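# Fold and geometry: a report
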Amino acid sequence: MKYLIAEDEIDLQQSIVTYLQRDGNICEVASDFGEASEKAAIYDYDVIILDINLVSGSGLDVLKTLKKEKKKAGVIIISANNSLTDKLEGLDLGADDYITKPFHLAELNSRVNAVLRRGKYGGDEIMEFNEIKIDTKSRTAYIEGKAMALTRKEYDLLVFFISNKGRVLSKEIIAEHLWGDDSDLLDSFDFIYVHINNLRKKMTSEGAKYIKTAYGSGYKFIED
């Protein structure tokens, strides 16, 4: 999954990043209001962890913009303020959850997973597309009940494709999803071609021919 951690306490920010990256997630960061607003507007995330009291602005204003622009990211508000008013305002604006500092990282992780299940998988830990089934908890994909031998990037690609089935995904969007901020450091998209081709071969060998090339545009995950 891909997360944005908008938190101006750098030690806490980096602790969250380190914890969430253990499961292979992509974590981008924002350390002030301006950076949080810019990244939330430009990029798509699965979950945004959003501090209310950001430097130079309020996280609630970022949340308002997210909802106005109909961004689909789940949002968890974090704050040092245990005020019921702030909590209710954040939830009324469309936040999916609220956690108060100090908190255990394991609790935050559980809340993130709960938001993901409600948002992406309808409360379930299983994604399905025809004969393909993905157990998001164990990070295992199956075709006709047979487990696929996927690398981490191939698994992330498959989840990304199924979550965006029917949409044309450009090479730039795929790179940004898989590598986050580091995608700007890539010299070329050769790595993307390799990962997509390997995934497509593994799927095709089991009869699942859903990854199509949209020539000049990118790739699309659709039925024949």
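Described below are features of the structure shown in this document. Position labels on residues start from 1 in each chain and follow its written sequence. Given that this is a predicted model, residues contribute local features only at a pLDDT of at least 70 and side-chain atom pairs are listed and counted only at 80 or more, while totals for whole chains, interfaces and linings are drawn from all residues. The basis for the side-chain values is all heavy atoms of the structure; hydrogens and waters are excluded.

## A word on the overall build of the protein
Convention followed: Here a helix means four or more residues in a row that DSSP labels H or I, a strand means two or more in a row labelled E, and each is numbered from the N terminus. With C-alpha atoms as the basis for the radius of gyration, the globule rule is written as 2.2 Å multiplied by the number of residues raised to the power 0.38. The classification of residues rests on relative accessible area computed with a 1.4 Å probe and restricted to protein chains. Under 20% of the type maximum is buried, over 50% is exposed, and intermediate values are partly exposed. What makes two residues a contact is simply this: any of their non-hydrogen atoms within 4.5 Å.
From N to C terminus, the protein includes eight helices and 14 strands. Taking 17 Å as the expected radius of gyration for a compact globule of 224 residues, we find that the protein reaches 18 Å, a close match to that expectation. Considered along the principal axes of its C-alpha atoms, the protein spans approximately 55 × 35 × 30 Å. The burial tally for the protein puts 44% of its 224 residues in the buried class. Within the protein, counting contacts between residues at least 6 apart in sequence, those at least 24 apart form 55% of the total.

## Describing the sheet that holds strand S1 (residues 2–6)
The criterion, for reference: Pairing between strands is defined by DSSP: at least two bridges between the two strands are required. For helices, the fitted line uses only the C-alpha atoms of the stretch in contact; every axis is such a line through C-alpha atoms, and the angle between N-to-C directions lies from 0 to 180 degrees.
Within the open sheet, the five strands sit side by side as S2-S1-S3-S6-S7. Their pairing is parallel. With one partner strand each, in any of the chains shown, strand S2 (26–30) and strand S7 (97–100) form the two edges of the open sheet. Averaged over all pairs of adjacent strands, the angle between strand axes in this sheet comes to 20°, irrespective of strand direction. Sheet analysis places strand S6 (residues 74–79) next to S7, joined by four bridges and oriented parallel. Bridge pairing in S7 links Ser79 to Thr100. Set on the sheet, helix H7 (residues 171–179) makes contact with S1 and S2; between it and S2 the angle comes to about 85°.

## Some points on the side chain of Ser79
In plain terms, the rule: Pairs of N or O atoms are called polar contacts if they sit within 3.5 Å, as long as, within protein, a hydrogen donor faces a hydrogen acceptor (for residues adjacent in sequence, only side-chain-to-side-chain pairs).
With respect to the helices, strands and loops of the structure, Ser79 is situated in strand S6. For Ser79, a relative accessible area of 0% gives the class buried. In this structure the side chain of Ser79 is engaged in a polar contact, spanning 3.5 Å, whose partner is the side chain of Asn53.

## Re helix H6 (residues 152–163)
At 3.6 residues per turn, the α-helix brings residues three or four places apart onto the same side. The cut-off we apply is this: In this analysis, the expected span of each helix is defined as 1.5 Å times one less than the number of residues it contains.
Taking 1.5 Å per residue, 12 residues should reach 16 Å; H6 reaches 17 Å between its end C-alpha atoms and fits that length. Counting buried positions along H6 gives nine out of 12 residues, so the element sits mostly inside the fold.

## Quick word on a nonpolar patch on the surface
The cut-off we apply is this: Exposure above 30% relative accessible area and the lack of any salt bridge qualify a residue for a patch; like charges then connect within 9 Å, and the nonpolar side chains Val, Leu, Ile, Met, Phe, Trp and Tyr within 5 Å. Per-residue and other accessible areas were derived by the Shrake-Rupley procedure at a 1.4 Å probe size, with only the shown protein chains allowed to occlude residues. We count a salt bridge whenever a side-chain nitrogen from Lys or Arg sits within 4 Å of a carboxyl oxygen from Asp or Glu.
On the surface, Leu84, Leu88 and Leu91 cluster together to form a nonpolar patch covering roughly 260 Å² of accessible area. Using a relative accessible area of 34% as the deciding quantity, one classes Leu91 as partly exposed.

## A look at the packing of H6 against helix H8 (residues 190–204)
Let me state the cut-off plainly: Under this scheme an angle from 65 to 115 degrees is roughly perpendicular, one under 35 degrees roughly parallel, and one over 145 degrees roughly antiparallel; angles in between are oblique. Side-chain classes are defined by residue name, with Ala, Val, Leu, Ile, Met, Phe, Trp, Tyr, Cys and Pro counting as nonpolar, Asp, Glu, Lys and Arg as charged, and the others, Gly among them, as polar.
Interhelical geometry of H6 versus H8 gives an angle of 80° and a closest axis separation of 10 Å. On the basis of the axis angle, H6 is roughly perpendicular to H8. Contact with H6, carried on its side by Lys153, Glu154, Leu157, Leu158 and Phe161, involves His195, Ile196, Asn198, Leu199, Lys202 and Met203 of H8 and no other residues of that element. By residue class, the composition of the contact of H6 with H8 is six nonpolar, two polar and three charged.

## Structural notes on the packing of helix H2 (residues 33–42) against helix H3 (residues 59–68)
How two helices pack is summed up by the angle between their axes together with the distance between the axes. Rules: Should the near helix be turned anticlockwise from the far one by less than a right angle, the crossing is termed left-handed; should it be turned clockwise, right-handed.
At a closest axis distance of 10 Å, the pairing of H2 and H3 adopts a crossing angle of 15°. Classified by the interaxial angle, the pair formed by H2 and H3 is roughly parallel. H2 and H3 meet at a crossing whose hand is right-handed. Taken together, the residues of H3 that come into contact with H2 (itself represented by Phe33, Ala36, Ser37 and Ala40) are Asp61, Val62 and Leu66.

## What about the pattern of salt bridges?
Oppositely charged side chains can form a pair if their charged atoms are brought close together. All chains considered together, the criterion is met by 12 salt bridges. Note that Lys39 and Glu35 form a salt bridge whose closest N and O atoms lie 3.8 Å from each other. Separated by four residues within a single helix, Lys39 and Glu35 lie in helix H2, roughly one turn from each other. Classification of Lys39 by relative accessible area gives buried; the value is 12%. Exposure remark for Glu35: the relative accessible area of 27% places this residue in the partly exposed category. Salt-bridge contacts for Arg111 lead to Asp97; the nearest nitrogen and oxygen are separated by 2.9 Å. Taken together, the residues Arg111 in helix H5 (residues 105–120) and Asp97 in strand S7 connect sequence positions 14 residues apart. Its relative accessible area of 17% is what places Asp97 among the buried residues. Here the salt bridges share partners, and the residues they tie into one network are Glu7, Glu9, Asp51 and Lys101.

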